[in-house]
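Descriptive analysis of the structure
Each chain, written out:
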Amino acid sequence: PVNHVVFAARPQAVNTVDWLTTQIKPGTNVQLIAFTDHAITLTPNTEGKWITLTDGSELDLAMTTLRGMVPKGPTSLHYAFTAARMLEPKPDNIYLITDGLPTMGEIVPARQGATGRERLEHFNRAVRQLPVGSPVNVILLPMEGDPAAAPAFWVLALRTGGSMLAPSEDWP
């Protein structure tokens, strides 16, 4: 079977996740992971495990959980990518839905906010946690004030054999 990981981080991403999961064929193994200052599998008790789709209803609870989440605080790709690395077999594709670079690394910061340079450093360290050989497909949602995000995610997609999409604010 095919193995896909989908990450999401903010409310605008919910419709994108919903659209993306309806495109996944039955028989595909999938794992949906949200991330803030830690990674959360959206289906309880499935950490490090694949969910095999039959008719798509396996994702109903995950989507309900995602819709109920209120993003707050810092975001860490380190934990999201580490969660993907724990899956066996490794993901055939990773879909990362985000609005910018992470605001923290492995440790919750003592102060709020992060400079552009710090965000890029958090991103570069997080990338080292990715499973080797898994393409990362990025859906970069619009956000102002993060000029380094698009080039960083584009290079990540390019280097891993994935793709990048930067949709308009009204998509999907």
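Placed above this text is the structure.
Below, the structure is looked at part by part. Keep in mind that this is a model prediction, so the values were computed, not measured.

About the criteria used
Residues numbered from 1 in each chain as written. Predicted model: local features only at pLDDT ≥ 70, side-chain atom pairs only at ≥ 80, totals over all residues. Heavy atoms only, no water. Helix = DSSP H or I, 4+ residues; strand = E, 2+ residues; numbered from the N terminus. Phe/Tyr/Trp six-rings, centres within 6.5 Å; stacked < 30°, edge-to-face > 60°. Buried < 20%, exposed > 50% of the residue type's maximum accessible area, 1.4 Å probe, protein only. Axes fitted to C-alpha atoms, helices over the stretch in contact; angles between N-to-C directions. Parallel < 35°, antiparallel > 145°, perpendicular 65-115°, else oblique. Contact = heavy atoms within 4.5 Å. Nonpolar A, V, L, I, M, F, W, Y, C, P; charged D, E, K, R; others polar. Core = buried A, V, L, I, M, F, W, Y, C linked by side-chain atoms within 4.5 Å.

**Side note on unusual backbone geometry**
With an omega of -5°, the peptide bond running from Glu 88 to Pro 89 counts as cis. Turning to its location among the elements, Pro 89 is positioned in the loop between helix 3 (77-85) and strand 5 (93-98). The backbone of Asn 45 shows a phi angle near 60°, a positive value even though the residue is not glycine. Relative to the elements of secondary structure, Asn 45 occurs in the loop between strand 3 (39-41) and strand 4 (51-52).

**Some details on the packing of aromatic side chains**
Under the criterion given, the structure shown has one aromatic pair. Each ring, one from Phe 123 and one from Phe 153, has its centre 5.0 Å from the other, and the planes form 75°; the classification is edge-to-face. In this pair, Phe 123 sits in helix 4 (residues 116-127) while Phe 153 sits in helix 5 (residues 149-160), placing the two residues 30 residues apart along the sequence. Of the residues examined, Phe 123 reaches a relative accessible area of 3% and is grouped as buried.

**Points about the packing of helix 3 against helix 4**
Where helix 3 contacts helix 4, the two axes come as close as 8 Å, and the packing angle between them is 10°. Between helix 3 and helix 4, the interaxial angle falls into the category roughly parallel. On helix 4, the residues touching Leu 77, His 78 and Phe 81 of helix 3 are Phe 123, Ala 126 and Val 127. Residue composition of the contact of helix 3 with helix 4, grouped by class: five nonpolar, one polar and no charged.

**Digging into the nonpolar core**
Of all hydrophobic cores here, the largest spans 23 residues; its most connected members are Leu 77, Leu 96 and Phe 153. In terms of residue count, the dominant contributor to this core is helix 3 (five residues). Here Leu 77 is in contact with Phe 35, Leu 96, Pro 102, Phe 123, Ala 126 and Phe 153, once residues within four sequence places are set aside. Counting residues in each nonpolar core, the second largest holds 19 residues, with Ala 13, Val 14, Ile 24 and Met 63 among its members.

So yeah, pure geometry; function would need other evidence.
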